[in-house]
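# Summary of the model geometry
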Amino acid sequence: MSLAKPAMRGLLGKRLRFHLPIAFALSLVAAAAFKYGVTEPRKQAYADFYKQYDATKEFNNMREAGIFQSVRPTGE
Amino acid sequence: MQASTETVFLYPPTPLSARCYSHAKVETDEEFDARWVTYFSKPDIDAWELKKGMNTLIGYDLVPEPKILDSALRACRRLNDLASAIRILEAVKDKSGPHKDIYPYLIQELQPTLTELGISTPEDLGMDIL
């Protein structure tokens, strides 16, 4: 029983035509997922933190904690 | 984006002559095969030409037709190069990649030539296992 002739040309081309669009699409999805899952929440977290940030108050807290060399806590 | 009206008409099937491809004449599969059969049929082909031909042929996105391989194997016979003959069989098996139906078909088609020229397959020699 003899074997039929299989396809022998353009096999890589066929594979690439199928897989490359999927690869590009998945890469874009991965990039989008990272952007909206990680970087945007992170940026938002920083923005939220600094929206109500009172630099002077925080400075005075740090001063009272005694971590500065240039300015001692009030009362010393 | 472009303001031209041509962008609308880029994707519907256009006849070959209207596409942005080079106007070089495309070689048919039969012409390609015939060219390679002729290449390996040169009576006084030398070892370099055999190796160069095989390496070039293996670089293409295709598994060579039995008739091309037959011509190459006969060139190996003229050059008394059994090693290259067996290597050619290994090469086309590797070239088939995941398509496991190609190599058995090639061996089937080449069997008369292999018997005539006394070429053992890698399987016969136990060389197909790693």
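Residues numbered from 1 in each chain as written. Chains lettered and ligands numbered in written order. Predicted model: local features only at pLDDT ≥ 70, side-chain atom pairs only at ≥ 80, totals over all residues. Heavy atoms only, no water.

Looking at an unreviewed UniProt entry, chain B carries the name Cytochrome c oxidase subunit 5A, mitochondrial, with the source organism given as Hucho hucho. The UniProt entry for chain B carries the following text under Subcellular location (unreviewed entry): "Mitochondrion inner membrane". (UniProt positions renumbered as here; feature names shortened; annotations may be inferred.)

The name given to chain A in an unreviewed UniProt entry is Cytochrome c oxidase subunit 6C, with Hucho hucho as the source organism. Recorded in UniProt under Pathway (unreviewed entry), the annotation for chain A is "Energy metabolism; oxidative phosphorylation." Recorded in UniProt for chain A, the comment headed Subcellular location (unreviewed entry) runs: "Mitochondrion inner membrane".

### A short note on the overall build of chain B
Looking only at helices and strands, one finds 5 helices and 0 strands in chain B. Counting only residues that meet the buried cut, chain B has 32% of its 130 residues in that class. At a minimum sequence separation of 6, the contacts of chain B that also span at least 24 residues come to 65%. (Helix = DSSP H or I, 4+ residues; strand = E, 2+ residues; numbered from the N terminus. Buried < 20%, exposed > 50% of the residue type's maximum accessible area, 1.4 Å probe, protein only. Contact = heavy atoms within 4.5 Å.)

### Here we look at the interface of chain B and chain A
With 16 residues of chain B at the contact, the number on the chain A side is 12 residues. Counting the surface chain B buries against chain A, the share from its top three residues, Asp-61, Tyr-105 and Gln-108 of chain B, is 43%. Salt-bridge contacts for Glu-65 of chain B lead to Lys-5 of chain A; the nearest nitrogen and oxygen are separated by 2.7 Å. At the boundary of chain B with chain A, the tally comes to 9 residue pairs in polar contact (both at pLDDT 80 or more). Of all the secondary-structure elements, those providing two or more residues to the side of chain B that touches chain A are helix 1 (29–41) and helix 5 (102–117) of chain B. Counting residues per element, the side of chain B that touches chain A draws most heavily on helix 5 of chain B, which supplies 5 residues. Broken down by class, the residue content of the side of chain B that touches chain A amounts to 9 nonpolar, 2 polar and 5 charged. (Buried area = accessible area lost by both parts, 1.4 Å probe. Salt bridge = Lys/Arg side-chain N within 4 Å of Asp/Glu carboxyl O. Polar contact = N/O pair within 3.5 Å; in protein donor to acceptor, adjacent residues only side chain to side chain. Nonpolar A, V, L, I, M, F, W, Y, C, P; charged D, E, K, R; others polar.)

### A few points about the confidence of the model for chain B
Residue and element names in this part refer to chain B. Summary statistics for chain B give a mean pLDDT of 89 and a share of 85% for residues scoring 70 or more. Contacts from residues 1–12, a stretch scored under 50 in pLDDT, to residues over four places away or in other chains number 1 contact. For this predicted complex, the interface confidence comes out at an ipTM of 0.74, alongside a pTM of 0.76. (pLDDT = per-residue confidence, 0-100.)

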